[in-house]
Amino acid sequence: MGEVNLSQVMDRNRSFVDRVIAESGQDIRQCYQCAKCSGGCPGSSAMDYPPNQIIRMLMLGMKEEVLKSQTIWVCMGCSTCTTRCIRDIDVAGVMDTLRQEAIRAGYVDKAKYVIDFNDSFLWTVRSFGRLFEPGMAMLNNMRTGNYMKDMQFGLPLMLKGKASMFPHRIKGRREMKNIFAKTIRGGK
């Protein structure tokens, strides 16, 4: 990471830290780095910084490092960190807010596959009212350029009745589309 003048970084990025606190509803300044969140995190072995270090870097105003980190995209949102936090900080919620901030700031290099998967998942739910796994997998493979990925599983799953070739549509698809539209408008 190199040398960092923390007081300059904190002053320069104070508005960013305040925005993350406001949007997540979590006062990360209450964290005193016990590392219980990191100790219980099932994804920490794949992270470049454990969750407690991300919180500390955020407290220090290290915006670039936090938003460019792999950690915010590896976080599964399982809330183990939140459950373990003795200061009642919703660490998983902070990670979600950081992902949104990274997208807004254009730091999505490490997130392309996560974003593609989310878009594919939400497309099937919006279109059919529920998840259509084969359609989601095919769409995700097209988006990522992995056209033949997992193809060997499709036919055996369909023959055993574990996956359908066609989506099942639910009643109330219009209401589902309204929920998506309202979410996109920001709840209005």
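Description of the structure in this document. Note that the structure is a prediction, hence the values are computed from the model and not measured.

### A word on the overall build of the protein chain
On a plain count of helices and strands, the protein chain comes out with twelve helices and zero strands. Seen in sequence order, the protein chain has helices and strands lined up from the N terminus as α-α-α-α-α-α-α-α-α-α-α-α. Along the first, second and third principal axes, the C-alpha set of the protein chain runs to 60 × 40 × 30 Å. Per-residue burial for the protein chain yields a buried fraction of 35% across its 188 residues. Put simply, 67% of the contacts in the protein chain that link residues at least 6 apart link residues at least 24 apart. For the protein chain, the exposed surface amounts to about 11,800 Å²; the carbon and sulfur share of it is 55%.

### Looking at the pattern of salt bridges
Under the definition given, this model contains seven salt bridges. Notably, a salt bridge pairs glutamate 101 with arginine 19, separated by 3.0 Å at the nearest N-O pair. With glutamate 101 in helix α8 (residues 91–105) and arginine 19 in helix α2 (residues 14–24), this pair connects stretches of sequence that are 82 residues apart. Judged by relative accessible area, which is 32%, arginine 19 ranks as partly exposed. The shortest N-O distance in the salt bridge between arginine 143 and aspartate 119 comes to 3.6 Å. With arginine 143 in helix α10 (residues 133–144) and aspartate 119 in helix α9 (residues 112–128), this pair connects stretches of sequence that are 24 residues apart. Given the relative accessible area of 34%, arginine 143 is considered partly exposed. Bridged by salt links that share partners, the residues Arg19, Glu23, Glu101 and Arg104 form one connected network.

### Notes on the environment of alanine 111
Here alanine 111 is to be found in the loop between α8 and α9. Residue class for alanine 111 comes out buried when judged on its relative accessible area of 0%. Placed 51 residues apart in sequence, alanine 111 and leucine 60 show a C-alpha to C-alpha distance of 24 Å.

### Things to note about a nonpolar patch on the surface
A grouping of Met142, Tyr147, Met148 and Met151 is seen on the molecular surface, where their side chains present a nonpolar patch of about 500 Å² in accessible area. Structurally, the position occupied by methionine 148 is in the loop between α10 and α11 (151–159). Overall, the relative accessible area of 58% leaves methionine 148 in the exposed class.

### A look at the side chain of aspartate 116
Assignment of secondary structure puts aspartate 116 in helix α9. The exposure class assigned to aspartate 116 is buried, which follows from its relative accessible area of 10%. Not counting the four nearest positions on each side in its chain, aspartate 116 is found in contact with Asn140, Arg143 and Thr144.

### Details of the packing of aromatic side chains
Within this structure, the stated rule accounts for two aromatic pairs. Between tryptophan 123 and phenylalanine 128 the ring centres are 5.7 Å apart and the planes differ by 90 degrees, which places this aromatic pair in the edge-to-face class. Residue class for tryptophan 123 comes out partly exposed when judged on its relative accessible area of 38%. Pairing phenylalanine 128 with phenylalanine 132 gives two aromatic rings, centres 5.8 Å apart and planes at 80 degrees, and the pair type is edge-to-face. Taking the relative accessible area as the measure of exposure, phenylalanine 132 reaches 10% and is therefore buried. What links up through ring pairs into an aromatic cluster is the set Trp123, Phe128 and Phe132.

About the criteria used
Sequence positions are assigned chain by chain, starting from 1 and proceeding in written order. Whole-chain, interface and lining totals are the exception, using all residues; otherwise, since this is a predicted model, local features are given only for residues with pLDDT of at least 70 and side-chain atom pairs are given and counted only at 80 or more. Excluding hydrogens and water, the side-chain values take into account all heavy atoms of the structure. In DSSP terms, a helix is any run of H or I states spanning at least four residues, a strand is any run of E spanning at least two, and both are numbered starting from the N terminus. Think of it in three bands: with a 1.4 Å probe and only protein chains considered, a residue is buried below 20% of the maximum accessible area for its type, exposed above 50%, and partly exposed in between. Residue contacts are defined here by distance: any two heavy atoms, one from each residue, within 4.5 Å place the two residues in contact. Accessible surface area values rest on a Shrake-Rupley calculation with a 1.4 Å probe, where residue burial reflects the displayed protein chains alone. We define a salt bridge as a side-chain nitrogen of Lys or Arg found within 4 Å of a carboxyl oxygen belonging to Asp or Glu. Patch building starts from residues that exceed 30% relative accessible area and form no salt bridge, then joins like charges within 9 Å and nonpolar side chains (Val, Leu, Ile, Met, Phe, Trp, Tyr) within 5 Å. A pair of Phe, Tyr and Trp rings is counted when the ring centres sit within 6.5 Å of each other, with Trp represented by its six-membered ring. The angle between the planes then sorts it: under 30 degrees is stacked, over 60 is edge-to-face, the rest tilted.

This is a description of form; function is not addressed.
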